[in-house]
2 protein chains.
Amino acid sequence: MATTDPPRARQARADETRARLLKAAIAAFGVKGFHGTTTRDIAQAAGMSPAAVYVHHRSKEELLFLIAAEGHERILAMVREVVGMKGTPTEQARELAYRFARRHASEHTWARIVNYELAALSPDHLAVVMELRRQINHELRAVVDAGVASGEFDTADPSITTVAVLSLGIDIARWYDEAGRWSPDQVAERYAELAVRMLRRPSGEE
Amino acid sequence: MATTDPPRARQARADETRARLLKAAIAAFGVKGFHGTTTRDIAQAAGMSPAAVYVHHRSKEELLFLIAAEGHERILAMVREVVGMKGTPTEQARELAYRFARRHASEHTWARIVNYELAALSPDHLAVVMELRRQINHELRAVVDAGVASGEFDTADPSITTVAVLSLGIDIARWYDEAGRWSPDQVAERYAELAVRMLRRPSGEE
């Protein structure tokens, strides 16, 4: 077990460099935006030379794509985990909105890049990300439809309500400030309740 | 009445040039973002020379500030108009959410710039815009508080619910696409209902 494994060690070093570069790119894009960031900024934040960055990635756009694709894949996995759990549509919608909101508050720098810089992606890369977004929407839509079928939910337009529930969570990335008065958990708790309210019929209506 | 008025005519021409420049800046920022837009792009879109732009505005940042300040002033005026109308807190919240959503759908290019490029403002200019945002929030918050006092609304945290109602409307600017399936009026109608649901106690809860 103490023997070295050179190919594996090389792979581990490459993975580590890749992770460091992505982290540096997120930090740089977060401060200056995608268009205001140079490859030199990213290299500096990663403690590498610009030439070394090009060894790993062909362009700034490729880094943006990796950040966006990986971020959307993590959200889709989280949504699928919740949808796979036992529970009523109300419980699933609440849990999904809770986790979605908490993620957009606690990782707001990442979420801003992932949501507001998509126009900078190449058409092929944008198509990959849009397909992931379609799948995320599709998973929540199934929960909404199940709740309508069970009579728990009442919505004039399940399609726009699905968009609205996700939209409410995404916009946390714009306004959230960790120096503000609410922790990610507090935002998530309130937002989970608001999402359920959006789906259910309000009291006092016939 | 047919006499000419040279100073007034000059003023009218200056106003027209200013409006043309702001319109060109909104179009250019909308396509390339603030950081990706040059003064030359704005001049070209306005059919002017870059030197002529500098006669009217000292910098790209000043144009961004004028767009943001004017946009927020229009929203504040709209919100105050609704709050000044007769009606219950539910009716006022519904009307406010309706107009807010419709504006963010029909003028989504403008709304994206006004909401997502604020980090590019100078500290003094940002302070002016943040004060306008504080006043917009304050007006809605008064409606929420009135509804809680009258028993129409039920919210665990009026402060975060106020943020959420505005946030839901603002995020329309990110996702709205006029080539999509919903008109601004349709989005506004659904969103007004969702805003009211966020404020009222859902049915089936004790």
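On a predicted model such as this, the values are computed, not experimentally measured, just so you know.

Calculation notes
Residues numbered from 1 in each chain as written. Chains lettered and ligands numbered in written order. Predicted model: local features only at pLDDT ≥ 70, side-chain atom pairs only at ≥ 80, totals over all residues. Helix = DSSP H or I, 4+ residues; strand = E, 2+ residues; numbered from the N terminus. Buried ≥ 20, exposed ≤ 12 C-beta atoms within 10 Å, placed from the backbone. Contact = placed C-beta atoms within 7 Å. Domains from an automatic or database assignment. Nonpolar A, V, L, I, M, F, W, Y, C, P; charged D, E, K, R; others polar. Least-squares fit on C-alpha atoms with pLDDT ≥ 70 in both. Core = buried A, V, L, I, M, F, W, Y, C linked by C-beta atoms within 7 Å. Expected span 1.5 Å × (residues − 1).

**Details of the overall build of chain A**
Scanning chain A from terminus to terminus reveals 10 helices and 0 strands. Overall, chain A shows an N-to-C arrangement of helices and strands of α-α-α-α-α-α-α-α-α-α. Dimensions of chain A along its principal axes, counting C-alpha atoms only, are 65 × 45 × 35 Å. In chain A, which comprises 206 residues, the proportion classed as buried is 40%. Pairs at least 24 apart in sequence give 72% of the contacts found in chain A among residues at least 6 apart.

**Considering the domain arrangement of chain A**
All names here are of chain A. Partitioning chain A into domains gives domain 1 (1-57) and domain 2 (59-199). Residue-level contacts link 12 residues of domain 1 with 13 residues of domain 2. Those elements that place two or more of their residues in the side of domain 1 that touches domain 2 are helix H1 (6-36) and helix H2 (39-46). Residue contributions to the side of domain 1 that touches domain 2 peak at 8 residues, all from H1. Broken down by class, the residue content of the side of domain 1 that touches domain 2 amounts to 7 nonpolar, 5 polar and no charged.

**Topic: the relation of the copies chain B and chain A**
Mapping chain B onto chain A calls for a rotation angle of 180° and an axial translation of 0.0 Å; the resulting RMSD is 0.0 Å. Taken together, the rotation and translation relating the two chain copies correspond to the operation of a two-fold axis. Most of the interface of chain B is mirrored in chain A, where 100% of its interface residues again form contacts.

**Focus on the nonpolar core**
By size, the foremost hydrophobic cluster in this structure holds 114 residues, and its most contacted members are A:Ala195 and B:Ala195. In contact with A:Ala195, not counting residues within four places along its chain, are A:Ala93, A:Arg94, A:Ala97, A:Val165 and A:Leu168.

**A few points about helix H6 (residues 108-116) of chain B**
Residues spaced three or four apart along an α-helix face the same direction, because each turn holds 3.6 residues. For H6(B), a buried count of 7 out of 9 residues is recorded, marking the element as mostly surrounded by other parts of the structure. Along H6(B), the residues that are buried comprise B:Trp110, B:Ala111, B:Arg112, B:Ile113, B:Val114, B:Asn115 and B:Tyr116.

**Brief notes about helix H5 (residues 89-106) of chain A**
Between the first and last C-alpha of H5(A) there are 25 Å, a value that for 18 residues agrees with the 26 Å anticipated at 1.5 Å per step. The buried fraction of H5(A) amounts to 14 of the 18 residues, a majority that puts the element mostly inside the structure.

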